[in-house]
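An overview of the molecular structure
Letter by letter, the chains look like this.
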Amino acid sequence: MRAGVRALARLARPEPTAAERLESLEDASTVTALRPLLLRLGERPAPAVAVVADVVDPPIARALLEVWPQARLTVLDAAVGESDLHVALAAAGSFDAIFDLADERGGRSREILFHLRRGGVLVVVDARAEAGRAAEVAGTAVRSGLLPDDVPAPDDLHLARAVDSVAVRGDHLILTANPRGRPYLAKLREEEVDAYLEATRGRVGRVLGSRPGSVVVNPAPVVVSQADTPMVYRTTFEAPPLRLREYRRVECLTGQVLCTDNVVLPDSFRHNYRPRLANRSTVPVAPRFAQTRGPQPEDRDGTWFYLDSEFRGHFGHAMTEQVSRLWAWQEAKAAHPDLQALMLTGARTTIAEWEYRLYEAAGVPREDLVLLDRPVRPERLLAATPAFSQPGYIHEAAREVYDRVGDHLAVDAPTRDYADRIFCSRRHEKRSATNPAEVEDFFARRGFEIVYPEDHPLGEQVQMFRSATEVAGFAGSAMFSMAFVREPKRVTLVSAETYTAQNEGLFAAMRGHQLNVARCRATRLRPDGTLIAKRLQARFTFDDAREGEFLRRILGE
């Protein structure tokens, strides 16, 4: 009888609460470290928690599971390196708490803090005492000892906004994330995303196909004029492997932004090799993090090919960043016959006729080219690594694409006599010469026909470049039809010293063109005296005594 009473008593006894389990732990320092998570959760039973440690099976991880047996716990090795740690945290999702056992100075806090959910807590366990005291006295991230100096750089300001409070409890530094605002998304690099897809076990996507990396070498030299600010034009470009990936229900936002709940995918970044990835349609908050903006996407059924651009409808960006993804179109279309190419409206709300024709020549029928006016979440999205990313690389696969496009466009060219020498001029102000007539006259007197490529259909532009034995012009997109010329030619550019883009250098390497560049002194003033904000878009003045002498030597006078 007494045994039955004792059994009933045990059944009636309530399970201990998380707070009771926490206080029953023997190590006081561990209790202090875990208490901020209890304050965040209350009695919620299943927190998402990460532990970053430099030891196997850290005791605090065991203590976490004693207090919260249902916790989604991720234990990561601090020695794997910044990139691998970033990918692993991103793949595991956002966290209610992160416990860092291997960062006594608190320096890593600047990055891993953004892996927290809004209102989450970061505990730097056994932080060095002076770092903790500085944080407690300051009471704000900007003065917490986590920042390198007192200069309010944008990253520092974003860090300050991301932190709601800073405190020291015992030997531990505790940062609480701001509970308000849009979530932070981890930016992933091209070389990181495959590991992320594998770690998410196919939930986000998978690799469908690939091409190995390649090296493109221009055997011809690049000759550059004397300039006040020297610039090196490369002739060797090492390209990464190209991937065709399939994503599932990822968000396509305006301005070439492709993301999941907590990640910005590398297809969002046209300069996908740079140390810091950037897209003007996102809000940069840290070197590895950004926020998105705009309306929520709507679901869209079917399979789509990602062809959007940060500058959709701009000829130069279409010729480089968009066309170069189409190395994968034919393979993707064969696997998915109803595949359509997806773009979103931005500054330009329609598809221009030249865009239709350009993509048709690459193999995308106009009925498969779709422009949507709102963000979407496709059922399946196929995305290809660009084969061209200036000034970083050009892949061998790009040659196939530009051959195909050029050959299809050239069929449209009228039958006529084409000039042996052409100079491509420009009318608009951006990156223009202050004395264009003088430059045009310089080349016209040497037998160059002055042309404005935009006055001619694409097919005629291709044929003008292919027929000429020598091509010259102001640097910029008017010169990009050199990509369609199969045999090497002499190409001469006139540009500002501030024009550092190397599109023409990449195309020259792909085709073996011998490139000459006359670099002119720049001015940041417009004709009306107002300042040109972006250095890359500065105007310039052609100096016959300086650049003219260089060109006369190049042209064999």
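The text that follows walks through the structure, step by step, so that each part is easy to find. (Residues numbered from 1 in each chain as written. Predicted model: local features only at pLDDT ≥ 70, side-chain atom pairs only at ≥ 80, totals over all residues. Heavy atoms only, no water.)

Helix and strand counts for the protein stand at 17 helices and 29 strands. The C-alpha extent of the protein, read off along each of the three principal axes, is 115 × 55 × 40 Å. A burial count over the protein gives 55% of its 557 residues as buried. Total accessible area on the protein stands at roughly 24000 Å², and carbon and sulfur atoms take up 52% of it. Here the protein contributes 74 positively and 77 negatively charged side chains, and the mean placements of these two sets differ by 2 Å. (Helix = DSSP H or I, 4+ residues; strand = E, 2+ residues; numbered from the N terminus. Buried < 20%, exposed > 50% of the residue type's maximum accessible area, 1.4 Å probe, protein only. Areas by Shrake-Rupley, 256 points an atom, 1.4 Å probe, with all protein chains shown as cover. Lys, Arg positive; Asp, Glu negative; His and termini not counted. Charge placed at Lys NZ, Arg CZ, Asp CG, Glu CD.)

So, about the pairing of strand β5 (residues 163–169). Examined bridge by bridge, β5 and strand β6 (residues 172–177) share six bridges and lie antiparallel to one another. For Val 163, the partnering residue across the bridge sits in β6 and is Ala 177. (Pairing = 2+ DSSP bridges.)

Before going further, it helps to examine helix α10 (residues 315–322). The element α10 is extensively covered by neighbouring structure, given that eight of its eight residues are classed as buried. Buried within α10 we find Phe 315, Gly 316, His 317, Ala 318, Met 319, Thr 320, Glu 321 and Gln 322. Contact partners of the buried residues in α10: β19 (340–344), α12 (353–361), β22 (388–389), α13 (397–410), α15 (458–467) and α16 (503–511). (Contact = heavy atoms within 4.5 Å.)

A separate point is the packing of α12 against α13. Direction vectors running N to C along α12 and α13 enclose 120°, while the axes themselves pass 8 Å from each other. Taken as axis vectors, α12 and α13 run oblique relative to one another. Here α12 contributes Arg 357, Leu 358 and Ala 361 to the contact with α13, which in turn contributes Arg 404, Val 405, His 408 and Leu 409. Among the residues forming the contact of α12 with α13, the class breakdown is four nonpolar, one polar and two charged. (Axes fitted to C-alpha atoms, helices over the stretch in contact; angles between N-to-C directions. Parallel < 35°, antiparallel > 145°, perpendicular 65-115°, else oblique. Nonpolar A, V, L, I, M, F, W, Y, C, P; charged D, E, K, R; others polar.)

Below, the discussion takes up the packing of aromatic side chains. Scanning all chains against the criterion turns up 14 aromatic pairs. A ring pair is formed by Phe 114 and Tyr 184, whose centres lie 4.8 Å apart and whose planes are at 85°; its orientation type is edge-to-face. Here the residue Phe 114 occupies a position in the loop between α6 (109–112) and β4 (116–124), and Tyr 184 occupies one in the loop between β6 and β7 (185–187), the gap between them amounting to 70 residues. Ring geometry for Tyr 402 versus Phe 484: centroids 6.1 Å apart, planes at 55°, classification tilted. Of this pair, Tyr 402 sits in helix α13 while Phe 484 sits in the loop between β26 (470–474) and β27 (490–496), and the two are 82 residues apart along the sequence. The pair formed by Tyr 402 and Phe 484 is uniform in burial state, with each residue classed as buried. Aromatic ring contacts, followed pair by pair, group Phe 423, Phe 442, Phe 443, Phe 448, Phe 474, Phe 540 and Phe 542 into a single cluster. The aromatic ring of Tyr 356 is capped on one face by Arg 366, whose charged end is 4.6 Å from the ring centroid. The ring of Tyr 452 is capped by Arg 427, whose NZ or CZ atom sits 4.0 Å from the centre of that ring. (Phe/Tyr/Trp six-rings, centres within 6.5 Å; stacked < 30°, edge-to-face > 60°. Lys NZ or Arg CZ within 6 Å of the ring centre and 35° of its normal.)

The strand order across the open sheet built from six strands is β2-β1-β3-β4-β6-β5, with neighbouring strands paired in mixed fashion. Strands with a single pairing partner mark the edges of an open sheet, and in this sheet they are β2 (72–77) and β5. With direction set aside, neighbouring strand axes in the sheet form an average angle of 15°. Packing of helix α4 (residues 59–67) onto the sheet brings it into contact with β1 (48–53), β2 and β3 (95–100), and relative to β2 it is tilted by some 175°. Contacts between helix α8 (residues 154–162) and the sheet are confined to β5 and β6, with β5 contributing the most and set at about 75° to the helix.

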